[in-house]
Amino acid sequence: MSEKIKAGVIGATGYAGLELCRLLLMHPQAELVAISSKSFEGMELSEVYPALYRETEERLCDSDEVIAKSEVVFGSVPHGLSEEYARKCVDKGAVFIDMGADFRLSDPADYKEWYGGEYKDAELHSRSTYALPEFFKENYKACDVFGNPGCYPTSVALGIGPALEAGLVEKKLVIDSKSGATGAGRGLSQNTHFAELNEGFAPYKVAAHRHTPEIEETLTRLAGERVSVTFVPHLLPINRGIVSTIYADLADGVTEAQVRAAYEARYEKARFVRLLPEGKIANLKYVKHSNYCDVSLHFDRRCGKLIVVSAIDNMVKGAAGQAIQNMNLKFGLAEDAGLALIPPAF
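Quick caveat: nothing in here was measured; it's all calculated off a predicted structure. (Residues numbered from 1 in each chain as written. Predicted model: local features only at pLDDT ≥ 70, side-chain atom pairs only at ≥ 80, totals over all residues. Heavy atoms only, no water.)

Q: Is there a simple way to think about the nonpolar core in this case?
A: Across soluble globular proteins, you tend to see nonpolar side chains buried next to one another. Within the largest apolar cluster, 46 residues are counted, with the highest numbers of intra-cluster contacts made by Val9, Leu24, Val72, Phe74 and Met327. Of all the secondary structure elements, the ones that give two or more residues to this core are strand E1 (5–10), helix H1 (15–25), strand E2 (30–36), helix H2 (45–48), strand E4 (72–75), strand E5 (95–98), strand E14 (305–312) and helix H12 (316–330). Contacts of Val72, omitting those with residues within four sequence positions, involve Ile5, Lys6, Ala7, Gly8, Val95, Ile97, Met327 and Phe331. Membership of the second largest hydrophobic core comes to 41 residues, among which are Tyr130, Val156, Ile175 and Leu222. (Core = buried A, V, L, I, M, F, W, Y, C linked by side-chain atoms within 4.5 Å. Buried < 20%, exposed > 50% of the residue type's maximum accessible area, 1.4 Å probe, protein only. Helix = DSSP H or I, 4+ residues; strand = E, 2+ residues; numbered from the N terminus. Contact = heavy atoms within 4.5 Å.)

Q: Before we go on, may I ask you to explain unusual backbone geometry in this structure?
A: Peptide bonds are mostly trans, and most non-glycine residues show a negative phi. Despite not being glycine, Arg54 has its phi angle at roughly 70°, a positive value. Summarising the element assignment, Arg54 is placed in the loop between H2 and strand E3 (60–61). At Glu199, a position not held by glycine, the phi torsion is positive, near 60°. Within the fold, Glu199 resides in the loop between helix H9 (194–197) and strand E9 (202–203). By relative accessible area, Glu199 is classed as exposed at 76%.

Q: Honestly, the layout of surface pockets in this entry has me stumped. Any pointers?
A: Which parts of space are left empty comes out when a probe the size of a water molecule is rolled across the atoms. Estimated volume of the second largest pocket: approximately 540 Å³. Every residue lining the second largest pocket is counted, 26 residues in all, and those nearest its centre are Tyr15, Leu18, Thr182, Asn239 and Arg240. Secondary-structure elements contributing two or more residues to the lining of the second largest pocket are H1 and H9. Considering each element in turn, the lining of the second largest pocket owes the most residues, five residues, to H1. Split by residue class, the lining of the second largest pocket holds 14 nonpolar, seven polar and five charged. (1 Å grid on protein atoms, 1.4 Å probe; cavity = no way out; pocket = protein on both sides within 12 Å on 5 of 7 lines; lining within 4 Å. Points joined across faces, edges and corners; volume = space filled by probe spheres on them. Nonpolar A, V, L, I, M, F, W, Y, C, P; charged D, E, K, R; others polar.)

Q: Just to check I follow, could you spell out the sheet that holds E9 for this structure?
A: Either a parallel or an antiparallel arrangement is found when strands of a sheet pair, and the pairing is made through backbone hydrogen bonds. One open sheet holds the seven strands; their spatial order is E9-E10-E8-E11-E14-E13-E12, and the pairing between them is mixed. A single partner strand is all that each edge strand has here, and the edge strands are E9 and strand E12 (273–275). Examined bridge by bridge, E9 and strand E10 (residues 228–235) share two bridges and lie antiparallel to one another. Bridge pairing links Ala202 to Leu235 in E10. Sheet strands in contact with helix H8 (residues 151–165) are strand E8 (169–179), E10, strand E11 (242–250), E12, strand E13 (293–300) and E14, and its direction is about 150° off that of E8. (Pairing = 2+ DSSP bridges. Axes fitted to C-alpha atoms, helices over the stretch in contact; angles between N-to-C directions.)

Q: Can you walk me through the environment of Leu236 in this structure?
A: When you line up the elements, Leu236 lands in the loop between E10 and E11. We classify Leu236 as buried; its relative accessible area is 18%. In the structure, Leu236 is positioned 55 residues away from Ala181 in sequence and 6.7 Å away in space, judged by C-alpha atoms. Excluding its chain neighbours within four sequence positions, the residues that come into contact with Leu236 are Lys178, Ser179, Gly180, Ala181, Leu197, Phe201 and Leu284.

Q: I would appreciate a short explanation of the pattern of salt bridges in the present structure.
A: Where side chains of opposite charge bring their charged atoms close, a pairing between them can arise. What the rule picks out here adds up to 24 salt bridges. Between Lys69 and Glu65 there is a salt bridge, with the nearest N and O atoms lying 2.9 Å from each other. With Lys69 and Glu65 both in helix H3 (residues 63–69) and four residues apart, the pair spans about one turn of that helix. The class for Lys69 is partly exposed, based on a relative accessible area of 41%. Measuring nitrogen to oxygen at the nearest pair gives 3.8 Å for the salt bridge that ties Glu214 to Arg104. A residue pair is termed long-range when its members are at least 10 positions apart, and Glu214 in helix H10 (residues 212–223) and Arg104 in the loop between E5 and helix H5 (108–115) qualify at 110 residues. Across the pair, exposure class does not vary: Glu214 and Arg104 are buried alike. Beyond isolated ion pairs, a larger network of salt bridges with shared partners links Arg87, Asp91, Asp121, Glu123, Arg127 and Asp144. (Salt bridge = Lys/Arg side-chain N within 4 Å of Asp/Glu carboxyl O.)

Q: Can you help me understand the side chain of Ser46 in this one?
A: Mapped onto the fold, Ser46 is located in helix H2. Leaving out residues up to four positions away in the same chain, Ser46 has contacts with Leu52, Tyr53 and Thr56.

Q: Just checking my understanding: could you explain the pairing of E14 for this structure?
A: Regular strands show a simple pattern: their side chains alternate between the two faces of the sheet. Taken across its eight residues, E14 has seven buried, putting it largely inside the fold. The pairing of E11 with E14 spans eight bridges and is classified as antiparallel. When the bridges of E14 are listed, Ser244 appears paired with Ser310. Alignment of E13 against E14, held across eight bridges, turns out to be antiparallel. Bridge pairing links His298 to Ile307 in E14. The turn linking E13 back onto E14 is made up of four residues, and Gly304 within it adopts a positive phi angle of 65°.

Q: Sorry, what's going on with the sheet that holds strand E7 (residues 145–147) here?
A: Overall, parallel pairing links the seven strands, which are arranged E3-E2-E1-E4-E5-E7-E6 in an open sheet. Of all strands in the sheet, those bounded by a partner on one side alone are E3 and strand E6 (128–130). Across the sheet, H12 touches E2, E4, E5 and E7, and the angle it forms with E4 is around 160°.

And the structure:
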């Protein structure tokens, strides 16, 4: 492909939107042509985020201008807003990649229960795909609307997916996840104030987090039968990163060697999943600022349990990096174009 893909970002001043802009500005085969923000329209992005000073002179415009200029549009907006943008993109012939929740759940009843909204454009949802590339990229060619997975569901599915696919574990799981504060978005809430967050550590939305139905739907799809989860997220006093620890009962007769073989087979050609050697433990420190997911396997022999530890950067593999990975695959580029990011060691 000789010409660069024209890419636009709606909602460019949120944390995920900013990360999209940062990565797209370094992409060798994509060009950031338009960005929007209702809060900062008319300003240069570098005025909002000085880290981009002299990296871009793009001014924040309205969403219609972004769609008009772009071949692919990333929607980094709260749930309930993306259908309108997706419809405009589809009618124009552009690809829409939604960073929010509006195209993640297949069942409208689940969306209504967990997000309090309704799907208004059934035809649009019929041509969308849940875009977890390590498992579902065979659907990409026929679709022009992509539901980019949530950060917690990404860490969980990549962590336990191979075991469920191969039928190696029981279908009731306990998931303990910890996330940095950027997962809550740029808008401030009481528990993300510095004085509340610093030197603290606690779970939140215990067994009631909105990512629960997405996790269950994805894992059920991989297992081929109903999977139920107890999901408890925690807020870490750090900026970025997720560690998910997943507890599953091994199916009768399953050996540790079978489990590792299943993971090795599934991730042998996965560019961004690193299955760690036996005895190593996944650590968010070693995936930060990268599109990697590190996975480590552990066994509680006394209790017959598989324990999987999965680590990602919630802003990259959990959001913007995975969205660009999906763009690359949709447009026939190398999967790691613009994403060959080596994590810093400290």
